Amino acid sequence: CHFKFQSHGFIFMLHNLSVHPSVDVPDTSFASFMLSKYEKHKNLIAIENGITGETYTYDQVITKTLKTASALKKAGYKAGDTVAIFIRNSPEYLVIILAASALGLVISTVNSSYTSFELCRQLLDSKSSAIFTNPDLVPLVKEALATSSKINIKDIFVLGNHHGCRPLSSLMEDDGSAFTELAPCNSKEDTMVLPYSSGTTGMPKGVMLTHHNIISNIIQLNIFPIDEKERLLGILPFYHIYGMVVVLFYNTLYGAHIVTLPKFEPEGFLSTLQNKKIQMAHLVPPLILFLTKHPMVEDYNLCLRQILSGAAPLGKDLCIECTERLGINSIVQGYGLTETSPVVLLDLPPVKYSSVGTLIGNTESKIVDTKTGQILGPMESGELCIRGPQVMKGYLNKPEATAEMIKDGWLHTGDIAHYDENGYFYITERLKELIKYKGFQVPPAELESVILTHSDVQDCAVIGIPDELAGEVPRGYVVLKKDKNVKENDIAKYIENKVAPHKKLRGGVEFVSEIPKSAAGKILRRVLKDKYLSGK
Ligand code: ATP
Ligand code: MG
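These numbers come from a predicted model, not from an experiment.

A. Geometry of the sheet that holds strand 5 (residues 55-57). Strand order in the open sheet formed by nine strands is 5-4-14-13-15-16-17-18-19, and the pairing between neighbours is mixed. Single-partner strands in this sheet number two, and they are strand 5 and strand 19 (358-359). Relative to strand 19, strand 18 (residues 343-346) runs antiparallel, the two being bridged by two bridges. Along strand 19, the bridge assignment pairs Leu346 with Thr358. Across the sheet, helix 10 (residues 285-293) lies against strand 15 (280-283), strand 16 (306-309) and strand 17 (330-336), angled at about 145° from strand 16, the strand it touches most. On the sheet, helix 11 (residues 316-326) packs against strand 16 and strand 17 and is oriented at approximately 140° with respect to strand 17.

B. Here's a closer look at helix 14 (residues 488-496). For helix 14, the complete set of buried residues consists of Ile491, Ala492 and Ile495. Buried residues in helix 14, looked at end-on, bunch into an arc of 100°, giving them a common side.

C. Here's a closer look at unusual backbone geometry. The residue after Ser341, namely Pro342, is reached through a cis peptide bond having omega -5°. Mapped onto the secondary structure, Pro342 falls in the loop between strand 17 and strand 18. Here the phi dihedral of Asn397 falls at roughly 55°; this positive angle occurs in a residue that is not glycine. Following the sequence through the fold, Asn397 ends up in the loop between strand 22 (394-395) and helix 12 (399-405).

D. Spatial organisation of the environment of Ile218. Residue placement: Ile218 occurs in helix 7 (residues 211-220). A relative accessible area of 0% means that Ile218 is categorised as buried. Spatially, the C-alpha atoms of Ile218 and Ser197 are 19 Å apart, while their sequence positions differ by 21 residues. In this view, Ile218 contacts Phe30, Phe33, Met34, Val245, Phe249, Tyr250 and Leu253; residues no more than four positions away in its chain are not counted.

E. Structural detail: the environment of Lys481. Tracing the sequence through the fold places Lys481 in the loop between strand 29 (471-480) and helix 14. C-alpha separation for the pair Lys481 and Asp456, spaced 25 residues apart in sequence, amounts to 5.5 Å. Filtering out sequence-adjacent residues up to four positions away, Lys481 remains in contact with Lys293, Ser455, Asp456, Val457 and Gln458. A distance of 3.1 Å separates the side chain of Lys481 from the backbone oxygen of Ser455, its partner in a polar contact.

F. Spotlight on empty space enclosed by the protein. Throughout the structure, instances matching the rule amount to one cavity of 30 Å³ or more. Surrounding the largest cavity, Lys293, Asp317, Leu318, Glu321, Ser449, Leu452 and Thr453 form its lining. Ranked by the residues each element gives to the lining of the largest cavity, the list is headed by helix 11, at three residues. Counted by class, the lining of the largest cavity contains two nonpolar, two polar and three charged residues.

G. The environment of Ala520, seen in detail. Along the chain, Ala520 falls in the loop between strand 30 (509-511) and helix 15 (525-533). Looking at Ala520, the relative accessible area reads 7%, which means it is buried. Remark: the alpha-carbon pair of Ala520 and Phe238, spanning 282 residues in sequence, is separated by 9.8 Å. Residues within four places of Ala520 in sequence aside, it is in contact with Ser198, His240, Val284 and Ala311.

H. Spotlight on the side chain of Asp415. By secondary structure assignment, the location of Asp415 is in strand 24 (residues 410-419). Of the side chains bearing the opposite charge, Arg430 lies closest to the buried Asp415, which forms no salt bridge; the N-O distance is 4.9 Å. Among the polar contacts listed, one links the side chain of Asp415 to the side chain of Tyr335, at a separation of 2.6 Å. Apart from residues lying up to four places away in sequence, Asp415 is in contact with Tyr335, Gly382, Glu383, Leu384, Ile427, Glu429, Arg430 and Leu431.

I. Here's a closer look at the layout of surface pockets. Roughly 900 Å³ of internal volume is contained in the second largest pocket. If you trace the second largest pocket, you find 31 residues lining it, with Phe264, Pro286, Leu287, Glu514 and Lys517 closest to the centre. At the level of elements, helix 10 and strand 28 (457-467) are the ones that each hand at least two residues to the lining of the second largest pocket. The biggest single contributor to the lining of the second largest pocket is helix 10, with four residues.

Analysis parameters
- Residues numbered from 1 in each chain as written.
- Chains lettered and ligands numbered in written order.
- Predicted model: local features only at pLDDT ≥ 70, side-chain atom pairs only at ≥ 80, totals over all residues.
- Heavy atoms only, no water.
- Pairing = 2+ DSSP bridges.
- Helix = DSSP H or I, 4+ residues; strand = E, 2+ residues; numbered from the N terminus.
- Contact = heavy atoms within 4.5 Å.
- Axes fitted to C-alpha atoms, helices over the stretch in contact; angles between N-to-C directions.
- Buried < 20%, exposed > 50% of the residue type's maximum accessible area, 1.4 Å probe, protein only.
- Arc of directions from axis to C-beta.
- Polar contact = N/O pair within 3.5 Å; in protein donor to acceptor, adjacent residues only side chain to side chain.
- 1 Å grid on protein atoms, 1.4 Å probe; cavity = no way out; pocket = protein on both sides within 12 Å on 5 of 7 lines; lining within 4 Å.
- Points joined across faces, edges and corners; volume = space filled by probe spheres on them.
- Nonpolar A, V, L, I, M, F, W, Y, C, P; charged D, E, K, R; others polar.
- Lys, Arg positive; Asp, Glu negative; His and termini not counted.
- Salt bridge = Lys/Arg side-chain N within 4 Å of Asp/Glu carboxyl O.

Any functional reading would require information that these geometric values do not contain.
Rendered as structure tokens:
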């Protein structure tokens, strides 16, 4: 099939090319790339601690980076060593990443809500030799270190003070003498960051992203420019690729002012948006759901005008309800994976709700039939595969998983998608989470977006449960708004009237007080499934 035609600048052929012009990616190190950009807005505020109000200008970020790099060098850290960052969002996060990267260290970001067991697993897998953490997390770190003699952590650097740990402030106050130049780097080979995938579908995997991967993705995002001094919220966890690259790295290139919050807490979230006069926020669907449905939002005077969403599906109805309630311009959606640094697809204003937009520059895609592997055309549904400079080097210590994910240079996303005649993409569901009812495929995310249109529903999730005759049937879990008296059956009936017969909630509806979600915004369907199967 060498058939090729062009519509609105989008090229269909064996595979799809981006509608955006391709961009040049310099062959340099991450630290060199970022610091040279920071030089341009030295006197502007780069990052602010939303809790304490402490701010760093871009100039201060540069100085603290060079001093910290010098101190780390004196402490014996050298190019190729891996250091773990196990701290909640704060301005220091940026400095640690830049300083470690300036020395050529690999940075492994750790989910700050991990247990000692999970932390131990990542420290072992990543072979980290130092850890940066918050004082209150030190006991957990020590517990993790005590679990295995194979962990080789030389220093615990702490943001504040804790007995037996070295304060990060002492690194930032170093005389800078030991750091004379940025470490040389082979940008396409050297791993810069080692985040772990979210672990939504299985065990989290260490994702090796090179300097080239990260710089490429930052440059590819240039199609969505940010105003200098733009005030942005930094609430998405910086350990996750979305918070790290899109919020922290990309926006600071433009001289934006990021206000960090260590975790989601309704009052703190809303009062920060209000008091810091935040106009743009990068969020995930659960936070958008909160802004759309929660009554306490009415008590605040927000001046948000733009929301960006990614990491999980966001239905069209919820987008419309949210923009109307908040009076904002639009919600821009992006799609990506840890394995793609992360962005692959991005919608731009004027947005097309329900679509995750078009391919960003330098990126190619193909949709393949999941059974035959055949390449499909517009409006045909199959697995989305990606090729581009943002695609990871591979998984750490997992050659088989890497080979399964990247075949013939194409990254297989595991997501079911299709595109329209104009090159807009629509993500239906994860291949692993599609419910198979009598051979029909039922995407849980679609049912969830329909349930959310019920005026009494605060939140929901859908899973497939085993059924002898049908294979699987969809079952709904619903959180009701306060003081609502609907019955489980009313919700099932409501759905029945809105969807094709094979999508009915034949597995029943259960009212729950909360839907299990990860901090990166994903519904943890496997938690609900395990609970159901174990009869709890
Ligand atoms: P694991 O691979 O360990 O199971 P994970 O895939 O959830 O975890 P991430 O890399 O954080 O880890 O998430 C990537 C996935 O998130 C994508 O494969 C896709 O399923 C989902 N995703 C990201 N953006 C969107 C979006 N805009 N709409 C729908 N799904 C999205
Ligand atoms: Mg994944």
